[in-house]
Amino acid sequence: MFIAGDFTIVKTLWLVVRFNIASIAKTPNCKRSACIIAQEINFGYFKKALTKSFEEAIIMSTKVVRSSGKNLGGAIKTMKKVLSVILCLTLILSMMVAFGTASAEASKGVINIYTFTDEVPKMLERYIELNPDFGYTINATIIATTDGLYQPALDQALAAGGADAPDMYCAESAFVLKYTQGDMASYAATYADLGIDVDAALAAADIAQYTVEIGTRPADGALVGLGYQATGGAFIYRRSLAQDVWGTDDPDVVASKIGPGWDKFLEAAAELKAKGYGIVSGDGDPWHAVENSSEKGWIVDGKLYLDPAREAFLDLSKTLKDNGYHNDTRDWTDAWYADMKGIGEQPVFGFFGPAWLINYVMAGNSGGTQPGEGTYGDWAICNPPVGFFWGGTWVIGSAASEKKEAVGELINWITLQSDENGLQYYWANGTLNGEGGTKDTVASGTVMAMSNGELAFLGGQNMFDVFVPANQFANGKNLTQYDETINNIWRDYVRQYTAGNVTREEAIASFKQSVTDQLDIDVAE
């Protein structure tokens, strides 16, 4: 009869009635009659009123007052106030019930989405606010990627099908290929099947090529997923430390000190160490640059492959550790965050990452909210030693969904619409929920060209000047559907090697054996 939350409103109105009755009870000669009405007008009465027509509710209200009126004596005039309150509130209740019923009847249905954060569901909520005639409601299932719980749940939901199956779902870079090119790719709807003019939309939006590569299914060459963020990476460094070591914090100068190439990076690390600074927090920082700049991925022709750039990470990590060039932290730990505040074992010069690392990790862990507080405002970005990307979320529609047109409308708004009313324009300019929000880099070059990326966190630098060109270095061809698992295995053995627990050869051999044991993947000769 009514939608969730109606009883809360009904109870609120009931309390208002009781308050008015209590007020009338203070009137001379009305106390007894008011008490009688208070006994009759209870919460159950209002719930019953919800099941009646407006006319029946009026009759119910009138009967209560009339039955109580027998005891009023000379207070009929005063008790008309009671009738007035009851009738007015009954009218409001009837209108609310009618509205709720009409809303339920007007709804076109529910769109189910599976995802691992509330980011995309909040986007969809905002779309519905901006487009009230859309007509669908959103049912979000959010399962964190912690402990590897998200993928099994999504896989089961896709395979089971039915009314609760996802109409759309999200995948992050660590496992997106499983859903766009790998074992679960057949469950994805093509963007064309969702009603999107793919070629025209891609051209108009100037979408970063690597996101298209990742979202294209090899079996039919069809686009089945796109991201909304651009996650090309930069080197994010402390201005004050650059000034102390090189006498300038100019991004072009700093870029020339730390690169191009890892040899230049290590030279800079030695200069920073001479001043008492670490160049990075831990070996996880350069790993993302190494991983996503390698020529090939972990699997080549169905077998495990160790790209030379990834193998060389063993040597880079050992050099950084042996010389005290970092604080030996692990990313996503308290010690890593402490280095963002500048309160670690030794001051740390920089981090590798895309815009989301600045916005959603570093800014909140800088120890301040405005320049002069903690390290906030003491940062800048420059080109990294090697071009790379890190992270990103791809949005996919389900081939089994019966609501493809509506799903296509949502996905187009998120991933391809490149005017001032699209998600990416709001996202880039921090205006999704009004002025003053977080600015971020987006996949559309068209949107980026008409957006302002100046950040107080970066001392007023326009981050788009660095991040937009960085997208050209991003390579979507070195990913596999097993990256999340294999990366964890590899990094564990790298750390065992740098700690002196195993030799370089033992680390590589143990890594290969572990991948074979866990994933049943043969090793390339």
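Okay, so let's go over this structure.

So, how was this worked out
- Residues numbered from 1 in each chain as written.
- Predicted model: local features only at pLDDT ≥ 70, side-chain atom pairs only at ≥ 80, totals over all residues.
- Heavy atoms only, no water.
- Pairing = 2+ DSSP bridges.
- Helix = DSSP H or I, 4+ residues; strand = E, 2+ residues; numbered from the N terminus.
- Axes fitted to C-alpha atoms, helices over the stretch in contact; angles between N-to-C directions.
- Buried < 20%, exposed > 50% of the residue type's maximum accessible area, 1.4 Å probe, protein only.
- Phe/Tyr/Trp six-rings, centres within 6.5 Å; stacked < 30°, edge-to-face > 60°.

## Considerations on the sheet that holds strand S2 (residues 136-142)
Thinking step 1. Strands sit in the order S2-S1-S3-S12-S6 across an open sheet of five strands; the sheet is mixed. In this open sheet, the two edge strands, each paired with only one partner strand, are S2 and strand S6 (225-227). For this sheet, the mean angle separating the axes of adjacent strands, direction not counted, is 25°.

## A look at unusual backbone geometry
Thinking step 1. In this structure, Pro 260 follows Gly 259 across a cis peptide bond, with omega equal to 5°.
Thinking step 2. With respect to the helices, strands and loops of the structure, Pro 260 is situated in the loop between helix H12 (251-258) and helix H13 (262-274).
Thinking step 3. Even without being a glycine, Asp 301 presents a positive backbone phi close to 55°.
Thinking step 4. If you trace the backbone, Asp 301 turns up in the loop between strand S8 (299-300) and strand S9 (303-304).
Thinking step 5. On the accessibility criterion, Asp 301 (77% relative accessible area) is exposed.
Thinking step 6. Positive phi, normally seen in glycine, also occurs at Asp 328, with a value near 55°.

## Focus: the packing of aromatic side chains
Thinking step 1. With the rule as written, the count across this model stands at 32 aromatic pairs.
Thinking step 2. Aromatic pair Trp 246 and Phe 349: ring centres 5.6 Å apart, planes at 75°, arrangement edge-to-face. Of this pair, Trp 246 sits in helix H11 (residues 239-246) while Phe 349 sits in the loop between helix H17 (334-341) and strand S10 (350-353), and the two are 103 residues apart along the sequence. Both residues of the pair, Trp 246 and Phe 349, count as buried.
Thinking step 3. With a centroid separation of 4.9 Å and 50° between ring planes, the pair formed by Trp 287 and Phe 313 is classed as tilted.

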